[in-house]
Amino acid sequence: MGYQGEDTIFAVSTGVERAAIAVMRVSGKGSADLLVKLCGVLPPPRKAVLRRIWRQADVQDTLLDEALVLWFPGPKSYTGEDGFELHLHAGPAIIQAVAHALVDAGARPAEPGEFTRRAFTNGRMDLVEAEGIADLVAAETESQRRQALAQADGALSRVYEGWSERLKKLLAFQEALIDFPDEDIPPEVEEEIRSGIRQLIEQMQQHIADGQRGERIRRGVVFAITGPPNAGKSSLLNWLAERDAAIVSPIAGTTRDALEIVGSLAGIKVTFVDTAGLRETEDEIEAEGVRRALFHVKQADCVVQMFAAPDVPQSVFPGALVVGNKLDLADLPAEVEGVGVIPVSLKTGEGLDALRQILEQKVLALTASSTGMPLLTRARHSAGVQDACTSLEEALRQEWPEVRGEELRLAMRALGRLTGHVGVEELLDAIFGQFCIGK
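Residues numbered from 1 in each chain as written. Predicted model: local features only at pLDDT ≥ 70, side-chain atom pairs only at ≥ 80, totals over all residues. Heavy atoms only, no water.

Draft legend 1. Fine view of the pairing of strand 11 (residues 321-325). A large share of strand 11 lies buried, amounting to five of its five residues. Side-chain alternation along strand 11 places Leu321, Val323 and Asn325 on one buried face and Val322 and Gly324 on a second face that is also buried. Summarising the sheet, strand 10 (residues 302-308) and strand 11 pair through five bridges and their orientation is parallel. In the sheet register, Gln305 faces strand 11, and the bridge partner there is Val322. Where strand 11 meets strand 13 (residues 339-343), three bridges bridge the pair, whose relative direction is parallel. Paired with Gly324 across the strands is Pro343, a residue of strand 13. (Buried < 20%, exposed > 50% of the residue type's maximum accessible area, 1.4 Å probe, protein only. Helix = DSSP H or I, 4+ residues; strand = E, 2+ residues; numbered from the N terminus. Pairing = 2+ DSSP bridges.)

Draft legend 2. Main features of the sheet that holds strand 11. Ordered by their spatial adjacency, seven strands build an open sheet running 8-9-7-10-11-13-12, and the pairing between neighbours is mixed. Lying at the two open borders of the sheet, with one neighbouring strand each, are strand 8 (259-265) and strand 12 (335-336). With two bridges joining them, strand 12 and strand 13 adopt antiparallel strand pairing. Residue pairing in the sheet places Glu335 in a bridge with Gly340 of strand 13. Of the strands in this sheet, strand 7 (221-226), strand 8, strand 9 (268-274), strand 10, strand 11 and strand 13 are in contact with helix 11 (residues 352-367), which crosses strand 7 at around 135°. (Contact = heavy atoms within 4.5 Å. Axes fitted to C-alpha atoms, helices over the stretch in contact; angles between N-to-C directions.)

Draft legend 3. Spatial organisation of the packing of aromatic side chains. In this structure the tally under the stated criterion is two aromatic pairs. A ring pair is formed by Tyr160 and Trp163, whose centres lie 5.9 Å apart and whose planes are at 45°; its orientation type is tilted. On the criterion of helical spacing, the pair formed by Tyr160 and Trp163 is a turn pair, its members being three residues apart in helix 6 (residues 155-179). The same class applies to Tyr160 and to Trp163, which are both buried. Note that Arg25 overlies the ring of Phe115, its terminal NZ or CZ placed 5.3 Å from the centroid. In this structure, Arg356 is placed above the aromatic ring of Trp239, and the distance from its NZ or CZ to the ring centre is 4.7 Å. (Phe/Tyr/Trp six-rings, centres within 6.5 Å; stacked < 30°, edge-to-face > 60°. Lys NZ or Arg CZ within 6 Å of the ring centre and 35° of its normal.)

The quantities given are spatial measurements derived from coordinates; they are silent on function.
Next up, the structure:
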């Protein structure tokens with residue numbers, strides 16, 4: 001996206017579903033003149049007023065709508081620029097007519113993420129907060145909403161900025177040792193620097209080692225349902241989906257390709273993947289289904305390994321939840337390969353409530369913070385903190401003060417790239433291009 005901060009931009013910020021009201025958002029240095037052209041006068045700042053919207057208000061040429069108007073003079077606006085909102089009736093003809101009037105007056109349609117990019121450029125938020133805004137717009141579950149709202153409110157940014165402030169102080173001490181080697185600087189300053197570096201390394205390592213919990217909340221926890229043919233995998237998927245999402249048949253090999261359903265457990269987004277039955281086969285299509293099933297097993301956050309009595313599996317996938325089906329027909333073992341069996345009957349429903357509770361507990365275990373710190377939500381964050389941590393570890397190994405100081409500066413630069421304070425121009429198109437129009 002080629003950023004053009006001099007332009008006045010507009011977009012409908014509300015969704016595409018049929019609704020009573022559509023919010024048209026406008027931002028840019030020409031916003032005041034635009035609003036006067038549409039309404040005739042500039043309303044009081046940040047106060048909703050009812051106004052008639054004209055193609056040209058000064059001659060009252062073509063009434064477009066009667067709408068609530070809010071005027072937001074910069075810098076106290078979302079983007080930091082002058083801007084306004086028109087709360088229009090949501091008829092497509094009205095939206096199109098107002099858009100044409102804005103274009104005729106010199107504005108242009110906004111590109112994806114351009115409003116939030118301008119907010120970043122004008123210092124209204126940093127990159128981590130901007131990503132939180134994108135996640136908040138996309139949130140489907142309560143856990144996603146809470147995590148995104150905390151990030152948009154600066155929870156992660158405060159962690160990174162706190163580390164940066166501590167690094168600044170350590171670097172100041174280090175520079176003093178470099179610039180004034182002959183001065184009477186207490187010898188314990190050197191140890192204070194090393195101690196401060198060690199504390200930062202420990203906290204950063206704890207932050208990185210969160211097991212992708214924050215990323216799981218953002219994208220959802222993935223369960224792969226696997227096992228031999230006719231174990232009840234598709235029936236379990238249908239029960240979880242509360243609909244007939246998968247074909248259920250006594251004929252082995254019915255499921256050839258992976259089938260996914262998306263739902264929610266314990267307020268967290270989950271994706272269940274029904275896979276082909278695992279067995280040796282001469283059928284090329286079924287063999288490809290088995291290969292894909294094993295791929296999903298490797299990629300999943302957790303495996304639900306099913307079997308039907310009395311066909312007990314000889315081995316268990318690492319970390320799998322083992323579910324024994326057809327409890328109504330035969331006894332099930334208490335465990336397989338040291339892993340406890342969850343007994344159910346998909347025919348009678350026995351044991352399914354207990355299975356749901358176990359799945360919810362697993363989801364919570366895969367997403368709960370173990371440190372009390374805000375969770376990492378993107379691989380970019382993890383890589384940035386790891387880069388900073390690597391530089392600090394190198395700083396500890398250095399005996400030369402000048403080299404140690406340079407490693408501290410590299411660590412600060414890595415944290416600065418996270419929030420957008422240094423060297424991030426190449427990231428902007430990728431980050432803001434993921435936003436929707438009007439945000």
